[in-house]
Amino acid sequence: MAVMVCSLAACGSKETKETKADADKSGTPVLRVAMECGYAPYNWTQSDNSNGAVPIEDSKDYAYGYDVMMAKKIADKLGCELQIVKLDWDSLIPAVQSGTVDCVIAGQSITSDRKEMVDFTEPYYYASIVTLVKSDGKYADAKGISDLATCTSQLGTIWYDNCLPQLKDANIQPAQESAPAMLVALESDRTDLVATDIPTAKAACVAYPDLKILDFTDTDDNYKVSDEDINIGISVKKGNTELTDKINSVLKEMTTEDFDSMMDEAISVQPLSE
């Protein structure tokens, strides 16, 4: 009976065939979590299980990062085996909607548009928006966003869609396909600045020591963002209140200091930090 209750709580109201089969084999329910495995420091792919990395389903590689650390904590609290499913960004929400995975832990902002398609837990991270520039570039001493011009960011993010349009008379270049592509564009001087969140910026500065973070959070000349822009949540299938409540019960035991400590640890061991 205990196993049955945990299985229902952890894997949703309607289990996938894969989840049910795995649970039947081991007697332990399975929590299937999707992420890109390519968005450090939230998640990335590595070749071994160092630092506690988890195998990626149908792959010889492993996944780690803040999202994997959080997924491990949740699975452990729920008494479940964790499976990491690697998907591209645009496939994450459809996978939750179809029941292919139980949830997505992938650095998703809790936006109103996404909430029309999936349900979200309480935030598992709060990510303020900052600007990345070259430390020897022309914007290195900028005092606010009104000083900024030529820019880009990642496609399909609030950084590109909401923040960059706030730069008056800026030359907004085409969006970059991914966070790594965005950083390469800055590092190679194809753009002068990018807007991103603080964890991505901190990780970038480890990989590229010549970059500098401009944080205008405590000034009036800053990006105007809402809670939904900076609150990062875990998405689950619409109506799966049982799983949502179970995950929230784990998150409620944690503080923002816990989140920050975990993120700092993830940044310190990301592959590009070595």
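For the structure itself, look to the data block above.
For the structure given in this document, a descriptive report is provided here.

About the thresholds
- Residues numbered from 1 in each chain as written.
- Predicted model: local features only at pLDDT ≥ 70, side-chain atom pairs only at ≥ 80, totals over all residues.
- Heavy atoms only, no water.
- Phe/Tyr/Trp six-rings, centres within 6.5 Å; stacked < 30°, edge-to-face > 60°.
- Helix = DSSP H or I, 4+ residues; strand = E, 2+ residues; numbered from the N terminus.
- Pairing = 2+ DSSP bridges.
- Axes fitted to C-alpha atoms, helices over the stretch in contact; angles between N-to-C directions.
- Buried < 20%, exposed > 50% of the residue type's maximum accessible area, 1.4 Å probe, protein only.
- Parallel < 35°, antiparallel > 145°, perpendicular 65-115°, else oblique.
- Left-handed = near helix turned anticlockwise from the far one by under 90°.
- Contact = heavy atoms within 4.5 Å.
- Lys, Arg positive; Asp, Glu negative; His and termini not counted.
- Salt bridge = Lys/Arg side-chain N within 4 Å of Asp/Glu carboxyl O.
- Polar contact = N/O pair within 3.5 Å; in protein donor to acceptor, adjacent residues only side chain to side chain.
- Nonpolar A, V, L, I, M, F, W, Y, C, P; charged D, E, K, R; others polar.

Concerning the packing of aromatic side chains
Okay, so step 1: For the coordinates displayed, the defined rule picks out six aromatic pairs.
Okay, so step 2: With 5.7 Å between their ring centres and 20 degrees between their planes, Tyr 66 and Tyr 124 make a pair best called stacked. Pair noted here: Tyr 66 is in helix α3 (residues 66–78) and Tyr 124 is in the loop between β7 (119–120) and β8 (125–126), with a separation of 58 residues, a long-range link.
Okay, so step 3: Members of the aromatic cluster, joined through ring pairs, are Tyr 39, Tyr 42, Tyr 66, Tyr 124 and Tyr 125.

Focus: the sheet that holds strand β11 (residues 211–214)
Okay, so step 1: What the three strands build is an open sheet, ordered β10-β9-β11; its pairing is antiparallel. Pairing within the sheet leaves two strands with one partner each, and these edge strands are β10 (193–197) and β11. Averaged over all pairs of adjacent strands, the angle between their axes in this sheet comes to 35 degrees, without regard to strand direction.
Okay, so step 2: Across four bridges, strand β9 (residues 129–134) lies against β11 in antiparallel orientation. Pairing of Val 133 across the sheet is with Lys 212, part of β11.

Overview of the environment of Asp 90
Okay, so step 1: With respect to the helices and strands, the residue Asp 90 is situated in the loop between β5 (81–86) and α4 (92–98).
Okay, so step 2: On the accessibility criterion, Asp 90 (65% relative accessible area) is exposed.
Okay, so step 3: When the C-alpha positions of Asp 90 and Glu 36 are compared, they lie 9.6 Å apart, and in sequence the two are 54 residues distant.

Re the packing of α3 against helix α11 (residues 256–269)
For any two helices packed against each other, one specifies the inter-axial angle together with the distance between the axes.
Okay, so step 1: Closest axis-to-axis distance for the α3/α11 pair is 9 Å, and the angle between their directions is 130 degrees. Compared by their axis directions, α3 and α11 come out oblique. Considering only the axes of α3 and α11, their crossing is right-handed. Contact residues: Tyr 66, Met 69, Met 70 and Lys 73 in α3; Phe 259, Met 262, Met 263, Glu 265 and Ala 266 in α11.

Focus: the side chain of Asp 197
Okay, so step 1: Looking at where Asp 197 falls in the secondary structure, it is placed in strand β10.
Okay, so step 2: Look at Asp 197: it is buried, it has no salt bridge, and the nearest opposite charge is Arg 114 at 10.0 Å.
Okay, so step 3: Within the structure, Asp 197 has its side chain in polar contact with the side chain of Thr 200 (distance 2.6 Å).
Okay, so step 4: In contact with Asp 197, not counting residues within four places along its chain, are Tyr 39, Tyr 42, Ala 127, Ser 128, Ile 129, Val 130 and Trp 159.

Quick word on the packing of α3 against helix α10 (residues 241–251)
Okay, so step 1: Between α3 and α10, the least distance of the axes is 10 Å, while the angle of their chain directions is 110 degrees. Considered as vectors, α3 and α10 are oriented roughly perpendicular to each other. Residue-level contacts link Met 70, Lys 73, Ile 74, Lys 77 and Leu 78 of α3 to Lys 246, Ile 247, Val 250 and Leu 251 of α10.
Okay, so step 2: In the contact of α3 with α10, the residues fall into six nonpolar, no polar and three charged.

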